[in-house]
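# Remarks on the overall topology
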Amino acid sequence: MSEVSGDQYRVMIVDDHEVVRRGIVAVIDADARLSVVAEASTVGEAKRRLPAVHPDILVTDLQLPDGTGIDVMNAARQENENQTMLVLTSFNDDAAIRESRAAGASGLLLKSVRSNEIISTIIKVANGETAWPAGGTSEDEFDFSAVERRIVEYIGDGLANREIADQLGVAEKTVKNRITGILHKMGLQRRTQVAAWVVSRRRADWK
């Protein structure tokens, strides 16, 4: 979790729909526990502002004119590997949840929710909890074997393939093949996405 600045959590909002963004800003600023310190409407704008404001919570839309919220979250993680992030979207689907978790988000917020739900969700992730819609993709749905679960955990611990092979007592090539299978099951493309996913799940105490 990011540290609280003063008596409020500092929030940055990224959304290209000005009416939606301004509405959410008004809701957040009306709560004494939260303060919007920056807004952005594009990936490029978000990347420029992130280093200057260091928000406690980043709230980003998935669909942006010059990229995606995943791009924004990746940039935020480069600035602060412990950045707390919340995805803002109109669509509650497994693909959005999976991609958001892989990028290290702590939850997903639907644009259609009530004002009090916006506040409660932001406060929830700010306090180190997760906030995923009911019925979304869970780790059990990936159907990991016991060995795959261990490999996923080792990836989250930052171990290289050779180190994982040593831990498991197998050849490095075997580990590479296992990771290929894990990526396929998760619908991901890169090892770093698995690592980010593990960070997200550990916030929910998944072991």
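Residues numbered from 1 in each chain as written. Predicted model: local features only at pLDDT ≥ 70, side-chain atom pairs only at ≥ 80, totals over all residues. Heavy atoms only, no water.

The protein appears in an unreviewed UniProt entry as Response regulator transcription factor from Dermabacter vaginalis.

With that settled, the discussion passes to the UniProt feature "modified residue: 4-aspartylphosphate" (unreviewed entry) in the protein. Listed under "modified residue: 4-aspartylphosphate" (unreviewed entry) in the UniProt record, and renumbered for this structure, are Asp 61. Relative to the helices and strands, Asp 61 is located in strand β3 (residues 57-61). The buried category is assigned to Asp 61, whose relative accessible area is 4%. Beyond its immediate sequence surroundings of up to four residues, Asp 61 is in contact with Val 14, Asp 15, Asp 16, His 17, Gly 69, Leu 88, Thr 89 and Lys 111. (UniProt positions renumbered as here; feature names shortened; annotations may be inferred. Helix = DSSP H or I, 4+ residues; strand = E, 2+ residues; numbered from the N terminus. Buried < 20%, exposed > 50% of the residue type's maximum accessible area, 1.4 Å probe, protein only. Contact = heavy atoms within 4.5 Å.)

Next up on the list: the side chain of Asp 31. Among the structural elements, Asp 31 can be located in the loop between α1 (18-29) and β2 (34-40). Within the local environment of Asp 31, its side chain forms a polar contact with the backbone nitrogen of Arg 33, the two atoms lying 2.8 Å apart. (Polar contact = N/O pair within 3.5 Å; in protein donor to acceptor, adjacent residues only side chain to side chain.)

All right, on to the pairing of β3 then. Of all five residues in β3, five are buried, a share of seventy percent or more. Residues Ile 57, Val 59 and Asp 61 of β3 are buried on one face, and the alternating residues Leu 58 and Thr 60, pointing to the opposite face, are buried as well. Note: strand β1 (residues 9-14) against β3, four bridges, orientation parallel. Across the sheet, the residue bridging to Val 11 is Ile 57, located in β3. (Pairing = 2+ DSSP bridges.)

With six of seven residues buried, β2 lies mostly within the body of the structure. As defined by bridge partners, β1 adjoins β2 across six bridges and the pair is classed as parallel. Looking at the pairing, Val 14 lines up with Ala 40 of β2. Following the backbone out of β1, through α1 and into the adjacent parallel β2, one traces a crossover that is right-handed. (Right-handed = clockwise from strand over helix to strand, strands pointing away.)

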